[in-house]
Amino acid sequence: MKRVLTVQDISCVGKCSLGVALPIISAAGAEAAVLPTAVLSVHTAFTHVYKRDLSEDMEAIFASWEQEKIAFDFVYTGYLASPEQTGTVSRFLDRLPGGNKTVFVDPVMGDFGRLYTGFHATFPGYMADLCARADVIVPNLTEACALLNEPYREDFTRDQLTDLLRRLCAMGAKCAVLTGVSPVGDADKLGVLKYDGRDGSVFSYYGERVRTSQPLHGTGDVFASACVGALAAGMCLDDALSLAVEFTSRSAACWAAAADRRWYGVDFETALPYYIDEIRSYTKKI
Ligand code: PXL
């Protein structure tokens, strides 16, 4: 069984970060280990947020793992609580035993052209250094623009988006995947555009966009966790991305269909049986 280390916050209520990564990675049949970056009472789209930064604890937790000689097959990072934590994670990557682990970075920083509450405009520069070490990065358009210091806009053509991804790979990541994008002229679809910096190949996959009257929260975390889980189950990146898009779309559709939906996070729980079935039918074939 593959062991995945996921490095992100625990939002006690909010259906995001570790609250979705743990169940989804476990559902994929992988061992989910966690390095919490912060504890928040609720995620930052709420009003009354209690937050404790766990930077010191991260060092102590990592030191314990070093003594126990614990290795990981995948390292998946999400919401980091401070710019300094990008350096902490980078140093941990240098110290981790085991040669060929896959490093998957979701540069969680913002959405809809704005950084999340609590993040300063200098944060993307730090995050770029961590992205440079990744096998796969999965920014949304806001994060891709921030990493490249490019003004945010929503009217990029497919060629221009591909060029953003090419520039992100030129900064060091092996593959860059833009999330939450629609194909030109088809706003009813939503998915991903991938650029592989090693051979210049481009891949895209789109699922059904679920129309909602409010922005959805935590969908990026659902997507990234499902993608990492699928990779840990042995899927190639393109298949893992496709499954993660479908699962995220279904999580949003289940949310929209629920009478008791929460404003702060989608119903990935209802869509989990679909994800498990897809992983199971894939692993039966290999
Ligand atoms: O879903 C990304 C995320 C993760 N963790 C925290 C957040 C957010 C987005 O707002 O606030 C604490």
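Right, let's walk through the structure included here. (Residues numbered from 1 in each chain as written. Predicted model: local features only at pLDDT ≥ 70, side-chain atom pairs only at ≥ 80, totals over all residues. Heavy atoms only, no water.)

1. Considerations on the environment of Asp-221
By the element assignment, Asp-221 lies in helix α7 (residues 219-232). The residues touching Asp-221, leaving out its near neighbours within four places in the chain, are Cys-16, Ser-17, Val-20, Tyr-76, Asp-106 and Val-108. (Helix = DSSP H or I, 4+ residues; strand = E, 2+ residues; numbered from the N terminus. Contact = heavy atoms within 4.5 Å.)

2. Re the site of the ligand
Close to the ligand lie Asp-9, Ser-11, Cys-16, Ser-17, Leu-40, His-43, Thr-44, Tyr-79, Val-108, Tyr-116, Gly-218 and Asp-221. Thr-44 has a polar side-chain atom sitting 2.6 Å from an oxygen atom of the ligand. With respect to the ligand, the side chain of Asp-221 contributes an N or O atom lying 2.7 Å from an oxygen atom. Within the complex, 94% of the 310 Å² of free accessible area of the ligand lies under protein. Its residues assigned to classes, the shell around the ligand comprises five nonpolar, five polar and two charged. (Near = heavy atom within 4 Å. Polar contact = N/O pair within 3.5 Å; in protein donor to acceptor, adjacent residues only side chain to side chain. Areas by Shrake-Rupley, 256 points an atom, 1.4 Å probe, with all protein chains shown as cover. Nonpolar A, V, L, I, M, F, W, Y, C, P; charged D, E, K, R; others polar.)

3. A look at the pairing of strand β10 (residues 189-196)
Along β10, six of the eight residues are buried, which leaves the element largely enclosed by surrounding structure. Where strand β9 (residues 175-181) meets β10, six bridges bridge the pair, whose relative direction is antiparallel. In the sheet register, Val-181 faces β10, and the bridge partner there is Gly-191. Bridge count for β10 against strand β11 (residues 202-208) is seven bridges, and the pairing is antiparallel. Paired with Tyr-195 across the strands is Val-202, a residue of β11. Hairpin connection between β10 and β11: a loop of five residues separates the two successive antiparallel strands, and Gly-200 in this loop has a positive phi of roughly 75°. (Buried < 20%, exposed > 50% of the residue type's maximum accessible area, 1.4 Å probe, protein only. Pairing = 2+ DSSP bridges.)

4. Some remarks on the sheet that holds strand β1 (residues 3-13)
Read across the open sheet, the nine strands follow the order β3-β2-β1-β4-β5-β8-β9-β10-β11; overall the sheet is mixed. Every other strand in the sheet has two partners, leaving β3 (51-53) and β11 as the edge strands with one partner each. Each of β1, β2 (31-42) and β4 (74-77) touches helix α1 (residues 18-27); the most contacted strand, β1, lies at about 140° to it. Along the sheet face, α7 touches β1, β4, β5 (102-105), β9 and β10 and points at about 175° away from the line of β4. (Axes fitted to C-alpha atoms, helices over the stretch in contact; angles between N-to-C directions.)

5. Quick notes on the packing of aromatic side chains
All chains considered together, the criterion is met by ten aromatic pairs. Between Phe-46 and Trp-263, the ring centres sit 4.6 Å apart and the planes meet at 55°, which makes this aromatic pair tilted. Of this pair, Phe-46 sits in the loop between β2 and β3 while Trp-263 sits in the loop between α8 (237-257) and α9 (268-285); the two residues are 217 residues apart in sequence, bridging distant segments of the chain. Overall, the relative accessible area of 38% leaves Trp-263 in the partly exposed class. (Phe/Tyr/Trp six-rings, centres within 6.5 Å; stacked < 30°, edge-to-face > 60°.)

6. Here we look at the pairing of β2
In terms of strand pairing, β1 meets β2 through nine bridges, oriented parallel. Note on β2: the bridge partner recorded for Ser-11 is Leu-40. Judged from the three bridges that link them, β2 and β3 form a sheet pairing that is antiparallel. Residue pairing in the sheet places Leu-40 in a bridge with Lys-51 of β3.

7. A word on α7
With 14 residues, α7 extends 20 Å from end C-alpha to end C-alpha; this agrees with the ideal 20 Å at 1.5 Å per step. Buried within α7 we find Asp-221, Val-222, Phe-223, Ala-224, Ser-225, Ala-226, Cys-227, Val-228, Gly-229, Ala-230, Leu-231 and Ala-232. Where α7 terminates, the next one or two residues include Gly-234, which has phi positive at roughly 110°. (Expected span 1.5 Å × (residues − 1).)

8. Quick word on empty space enclosed by the protein
Per the counting criterion, the structure on display carries two cavities of 30 Å³ or more. Space inside the largest cavity adds up to approximately 40 Å³. In this structure, the largest cavity is lined by Leu-5, Val-7, Leu-35, Phe-62, Val-75, Val-89, Phe-92, Leu-93 and Leu-96. Elements represented by at least two residues in the lining of the largest cavity include exactly β1 and α3 (83-95). By residue number, the principal contributor to the lining of the largest cavity is α3, which donates three residues. Here the lining of the largest cavity is built from residues that sort into nine nonpolar, no polar and no charged. The space that makes up the second largest cavity amounts to roughly 30 Å³. Surrounding the second largest cavity, Ala-128, Cys-131, Ile-137, Leu-147, Leu-168, Met-171 and Ala-173 form its lining. Here the lining of the second largest cavity is composed, by residue class, of seven nonpolar, no polar and no charged. (1 Å grid on protein atoms, 1.4 Å probe; cavity = no way out; pocket = protein on both sides within 12 Å on 5 of 7 lines; lining within 4 Å. Points joined across faces, edges and corners; volume = space filled by probe spheres on them.)

9. So, unusual backbone geometry
Unusually for a residue other than glycine, Lys-15 sits at a positive phi of about 50°. Position of Lys-15 among the secondary structure elements: in the loop between β1 and α1. Here Lys-15 falls in the buried class, since its relative accessible area comes to 19%. One non-glycine residue, Phe-112, lies in positive phi territory at about 50°. As for its placement among the helices and strands, Phe-112 is situated in the loop between β6 (110-111) and β7 (114-115).

Worth remembering: the numbers are spatial, not functional.
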